[in-house]
Amino acid sequence: MPHSPAERKRVVTRLRRIKGQAEALERAVEAGTECGDLLQQLAALRGATYGLMADVLESHMRETFGSAVAQPTDAPTQDAEVDHMVRMLRSFLR
């Protein structure tokens, strides 16, 4: 969970954007939009959701495993490991 006011605001903004995409998708379905166009909107919605999930997961990993909880001598190593895990997870969430 984002803890700082700036992080929280950024997450809420993304959630509102996702909500708008979902509402637009609902309107498109009700209007009888072609499947190809619906699939494109669904892919955009999925991408936005995965992006938000990756950001929240990264924040959680940094809180749990980052240098804030590490011993001072281990901080650079742990930060590098967290960076590596975040890159891997983001590649899987595409």
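As the structure is a prediction and not an experimental result, all values here were calculated from the model.

**Student:** Break down the overall build of the chain for me, citing the residues and quoting the values.
**Tutor:** Broken down by element type, the chain carries three helices and zero strands. In the chain, the succession of helices and strands from N to C terminus is α-α-α. When burial is assessed residue by residue, the chain has 22% of its 94 residues classed as buried. Within the chain, contacts between residues separated by at least 24 positions form 53% of all contacts whose residues are at least 6 apart in sequence. Surface accessibility of the chain: about 6800 Å² in total, with carbon and sulfur atoms responsible for 60%.

**Student:** I'd like to hear about the nonpolar core, residue by residue, with values.
**Tutor:** Across soluble globular proteins, you tend to see nonpolar side chains buried next to one another. Judged by nonpolar contacts, V11, I18, L25, A28, L38, L45, A48 and L52 together constitute the single largest core of eight residues. When residues of this core are traced back to their parent elements, those giving at least two are α1 (5-30) and α2 (35-65). Beyond its immediate sequence surroundings of up to four residues, A48 is in contact with R14, I18 and Q21.

**Student:** Quick rundown of the pattern of salt bridges? Include the residues and the values.
**Tutor:** Oppositely charged side chains can pair when the atoms bearing their charge come close. A complete count under the given rule lists two salt bridges for this structure. Among the ionic pairs, R10 bridges to D55, the shortest N-O distance being 3.6 Å. On the criterion of sequence distance, the pair formed by R10 in helix α1 and D55 in helix α2 is long-range, its members being 45 residues apart. The partner of D55 in a salt bridge is R14, and the shortest N-O contact between them spans 2.2 Å. Highlighted residues: D55 in helix α2 and R14 in helix α1, separated in sequence by 41 residues. Beyond isolated ion pairs, a larger network of salt bridges with shared partners links R10, R14 and D55.

**Student:** Go over the environment of A48, please, and point to the residues and values.
**Tutor:** Among the structural elements, A48 can be located in helix α2. When the C-alpha atoms of A48 and R14 are compared, they prove to be 7.8 Å apart, with 34 residues separating the residues in sequence.

Conventions we followed
- Residues numbered from 1 in each chain as written.
- Predicted model: local features only at pLDDT ≥ 70, side-chain atom pairs only at ≥ 80, totals over all residues.
- Heavy atoms only, no water.
- Helix = DSSP H or I, 4+ residues; strand = E, 2+ residues; numbered from the N terminus.
- Buried < 20%, exposed > 50% of the residue type's maximum accessible area, 1.4 Å probe, protein only.
- Contact = heavy atoms within 4.5 Å.
- Areas by Shrake-Rupley, 256 points an atom, 1.4 Å probe, with all protein chains shown as cover.
- Core = buried A, V, L, I, M, F, W, Y, C linked by side-chain atoms within 4.5 Å.
- Salt bridge = Lys/Arg side-chain N within 4 Å of Asp/Glu carboxyl O.

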